[in-house]
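# Chain and residue survey
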Amino acid sequence: RDRGKSWKLIGLKKKTITCLYPVNNDIWCGTWESGLYYFNEIDSIWYKSSFNFVENIDALAYSQKSNILFCANKNDGVFKSNDYDTSWYSIGLTKYKTFSLLALNDVLFAGTWGSGIFIYEENSEWNKVEDNYYSSFNNNKSDSLNDSIKNVTATIKAPFVSVDITEEKTDT
């Protein structure tokens, strides 16, 4: 509102905030030792998530296409909720210290501490992107990518990720 000149505390005092992620009208917040919370912008209230597997949250991501919320931590792997926080379950990557997540349509990227980048597509297994190799995929190879996008190419050269999206041109 004033271009960042003033700030206002909106809650979660005495919590160590590790990550923030906007989803619809909510702001999801991962904490250290206190779990997962979300702030509803409409009623301006913080809610404790039903997620109770771990108390330390290091990363959050959201797939808008599939309405799936993801969270991860360095000790317990990656978790997801298909029903916006009603239920959660593990989707693996428990042997690696996950510190970052990126959801691009139905593809989830996980950045780990010292083990590189992993890719997960719904109903499949985690695939490690080997160091200094390039990996590309598009919707001709995978039905899970958004139909409104012609090509999604993720070029990964550890430790960087470049994502190019080409919109499909349709004649009307």
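Residues numbered from 1 in each chain as written. Predicted model: local features only at pLDDT ≥ 70, side-chain atom pairs only at ≥ 80, totals over all residues. Heavy atoms only, no water.

### Some remarks on empty space enclosed by the protein
- Going through the model one piece at a time under the given rule, you end up with 1 cavity of 30 Å³ or more.
- Empty space within the largest cavity amounts to approximately 50 Å³.
- As for the largest cavity, its lining consists of Ser 63, Ser 66, Ile 68, Phe 70, Asn 105, Asp 106, Leu 108, Tyr 120 and Glu 122. (1 Å grid on protein atoms, 1.4 Å probe; cavity = no way out; pocket = protein on both sides within 12 Å on 5 of 7 lines; lining within 4 Å. Points joined across faces, edges and corners; volume = space filled by probe spheres on them.)

### Here's the deal with the sheet that holds strand S11 (residues 116-121)
- Overall, antiparallel pairing links the 4 strands, which are arranged S9-S10-S11-S12 in an open sheet. A single partner strand is all that each edge strand has here, and the edge strands are strand S9 (98-104) and strand S12 (127-129). The sheet shows a mean angle of 25 degrees between the axes of neighbouring strands, direction not considered.
- Across 6 bridges, the pairing between S9 and strand S10 (residues 107-112) is antiparallel. Looking at the pairing, Thr 98 lines up with Thr 112 of S10. (Pairing = 2+ DSSP bridges. Helix = DSSP H or I, 4+ residues; strand = E, 2+ residues; numbered from the N terminus. Axes fitted to C-alpha atoms, helices over the stretch in contact; angles between N-to-C directions.)

### Quick word on unusual backbone geometry
- Positive phi, normally seen in glycine, also occurs at Ser 44, with a value near 55 degrees.
- Summarising the element assignment, Ser 44 is placed in the loop between strand S3 (36-40) and strand S4 (45-48).
- The backbone of Asp 85 sits at a positive phi, close to 90 degrees, despite the residue not being glycine.
- Along the chain, Asp 85 turns up in the loop between strand S7 (77-81) and strand S8 (89-92).

### Concerning the packing of aromatic side chains
- A complete count under the given rule lists 11 aromatic pairs for this structure.
- Seen from their ring centres, Phe 39 and Trp 46 are 5.1 Å apart, and the 50 degrees between their planes marks the pair as tilted. Each of the two residues, Phe 39 as well as Trp 46, counts as buried.
- With a centroid separation of 4.9 Å and an interplanar angle of 70 degrees, the aromatic rings of Phe 51 and Trp 88 are classed as edge-to-face. Of this pair, Phe 51 sits in the loop between S4 and strand S5 (59-63) while Trp 88 sits in the loop between S7 and S8, and the two are 37 residues apart along the sequence.
- When its relative accessible area of 2% is taken as the criterion, Phe 51 is described as buried.
- Looking at Trp 88, the relative accessible area reads 8%, which means it is buried.
- An aromatic cluster of at least three residues, connected via ring pairs, comprises Trp 28, Tyr 38, Tyr 47 and Tyr 84.
- Above the ring of Tyr 37, the side-chain terminus of Lys 48 is found at 4.9 Å from the ring centroid. (Phe/Tyr/Trp six-rings, centres within 6.5 Å; stacked < 30°, edge-to-face > 60°. Buried < 20%, exposed > 50% of the residue type's maximum accessible area, 1.4 Å probe, protein only. Lys NZ or Arg CZ within 6 Å of the ring centre and 35° of its normal.)

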